[in-house]
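# Structure assessment
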Amino acid sequence: MSTRAAAPTRREQILNEAARLFAERGFHGVGVDEIGAAVGISGPGLYRHFAGKEAMLAELLVGISERLLTGGRHRVAEATGDPASVLASLIDGHIDFALDDRALITVHDRELDRLRDTDRKLVRQLQRQYVELWVEVVRELHPQVPQAEVRICVHAVFGLLNSTPHLGQLGREATESLLRRVAHGAFGALSG
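These notes cover the structure that comes with them. (Residues numbered from 1 in each chain as written. Predicted model: local features only at pLDDT ≥ 70, side-chain atom pairs only at ≥ 80, totals over all residues. Heavy atoms only, no water.)

### Some remarks on the packing of helix α1 (residues 10–25) against helix α3 (residues 53–78)
Applied cut-off: Fitting a line to C-alpha atoms yields each axis, with helices limited to the stretch in contact; the angle taken between N-to-C directions then spans 0 to 180 degrees. Strands are runs of DSSP state E lasting at least 2 residues, helices are runs of H or I lasting at least 4, and numbering of each runs from the N terminus. In this scheme, roughly parallel covers angles under 35 degrees and roughly antiparallel covers those over 145, while 65 to 115 is roughly perpendicular and the rest are oblique. Contacts: residue pairs with any heavy atoms within 4.5 Å of one another. Following the grouping adopted for this structure description, the nonpolar residues are Ala, Val, Leu, Ile, Met, Phe, Trp, Tyr, Cys and Pro, the charged ones are Asp, Glu, Lys and Arg, and the polar ones are all others, Gly among them.
As a packed pair, α1 and α3 sit with axes 10 Å apart at the nearest point and diverge in direction by 95 degrees. Here α3 runs roughly perpendicular to α1, going by the angle between their axes. When α1 is examined against α3, the residues Arg-11, Ile-14, Leu-15, Ala-18, Ala-19 and Phe-22 are found in contact with a partner set consisting of Lys-53, Met-56, Leu-57, Glu-59 and Leu-60. Looking at the contact of α1 with α3 residue by residue, the class counts come to eight nonpolar, no polar and three charged.

Listed below in structure tokens is the structure:
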């Protein structure tokens, strides 16, 4: 069995380049011709894959929210042992996202308001479910802490981890280690 990752589909290539370009120049600063050129097809050729730029943006932002929630649920279901191990797994998964999908974090921060109302509401709903998944795990570790305080801490950790587009270059391993320590430290502060 091969351990190599499958090559991205044309659709995935388009989304990756759209995310990169939207992060660099903003949604309105990029045309379909530029996205097409980045993947070696004509701008109009993109319409075989997407209805337009808005559809690409929606798939990027809804898609990452779905992946985070699904991945988080999988980590909770697969984790064995104490709640600290479950939380460590969630933190590691979010760190991977934050380091691997920096462009999507930037696009989300800048362009969420450009989504249609239904897509924006779906993103927010998925994000709330993801937050609550974390809240449940952290509450198992810190049952004495009020739920509202735990929720604030979860949001604060997401803010820390999602700041990766603005970080300097320490190298992947050093950055992972630092982010892991900061996240665990923030949750550890709930004990104090």
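### Side note on the nonpolar core
The test is simple: The criterion is simple. A nonpolar core is a set of buried Ala, Val, Leu, Ile, Met, Phe, Trp, Tyr and Cys residues joined through side-chain atoms within 4.5 Å. Each residue's exposure class comes from its accessible area (1.4 Å probe, protein chains only) as a fraction of the maximum for that residue type: buried when under 20%, exposed when over 50%, partly exposed otherwise.
Residues Ile-14, Phe-22, Ile-35, Met-56, Trp-134, Val-154 and Phe-187 are the most contacted members of the largest nonpolar core, which totals 57 residues. Going through the elements one at a time, α1, α2 (32–39), α3, α4 (83–100), α5 (102–111), α6 (117–141), α7 (147–161) and α8 (172–188) are the ones with two or more residues in this core. Apart from residues lying up to four places away in sequence, Ile-35 is in contact with Ile-14, Ala-18, Leu-21, Phe-22, Val-30, Leu-46, Lys-53 and Met-56.

### Focus on the pattern of salt bridges
Our working rule: Basic side-chain nitrogens of Lys or Arg form a salt bridge, by our definition, when they fall within 4 Å of a carboxyl oxygen of Asp or Glu.
Going through the model one piece at a time under the given rule, you end up with 14 salt bridges. Residue Glu-111 is joined to Arg-114 by a salt bridge in which the shortest nitrogen-to-oxygen separation is 2.7 Å. Given the relative accessible area of 3%, Glu-111 is considered buried. Assessed through its relative accessible area of 44%, Arg-114 is described here as partly exposed.

### Observations regarding the packing of aromatic side chains
Quick note on the threshold: A pair of aromatic rings is counted whenever rings of Phe, Tyr or Trp (Trp by its six-membered ring) have centres within 6.5 Å, and the orientation is called stacked for planes under 30 degrees apart, edge-to-face for over 60 and tilted otherwise. Only Lys NZ and Arg CZ are tested; either one counts as a charge over a ring when it is within 6 Å of the ring centre and within 35 degrees of the ring normal.
Applying the stated criterion to the full structure yields five aromatic pairs. Judged by centre distance (6.2 Å) and plane angle (35 degrees), the ring pair of Trp-134 and Phe-187 falls under tilted. Taken as a pair, Trp-134 in helix α6 and Phe-187 in helix α8 lie far apart in primary sequence, 53 residues in all. Here the two residues Trp-134 and Phe-187 agree in accessibility, since each one is buried. An aromatic cluster of at least three residues, connected via ring pairs, comprises Tyr-130, Trp-134, Phe-158 and Phe-187. The lysine or arginine in question, Arg-11, covers the ring of Phe-50, its NZ or CZ lying 4.1 Å from the ring centre.

### With respect to α4
For clarity, the threshold we go by: Under the convention used throughout, the expected extent of a helix is 1.5 Å for every residue step, that is, one less than its residue count.
Taking 1.5 Å per residue as the helical rise, α4 with its 18 residues ought to reach 26 Å, and the 26 Å between its terminal C-alpha atoms agrees with that figure. Considered for burial, the residues of α4 that qualify are Val-86, Leu-87, Ser-89, Leu-90, Ile-91, Gly-93, His-94, Ile-95, Phe-97, Ala-98 and Leu-99. On its buried face, α4 sits against α3, α5, α6, α7 and α8.

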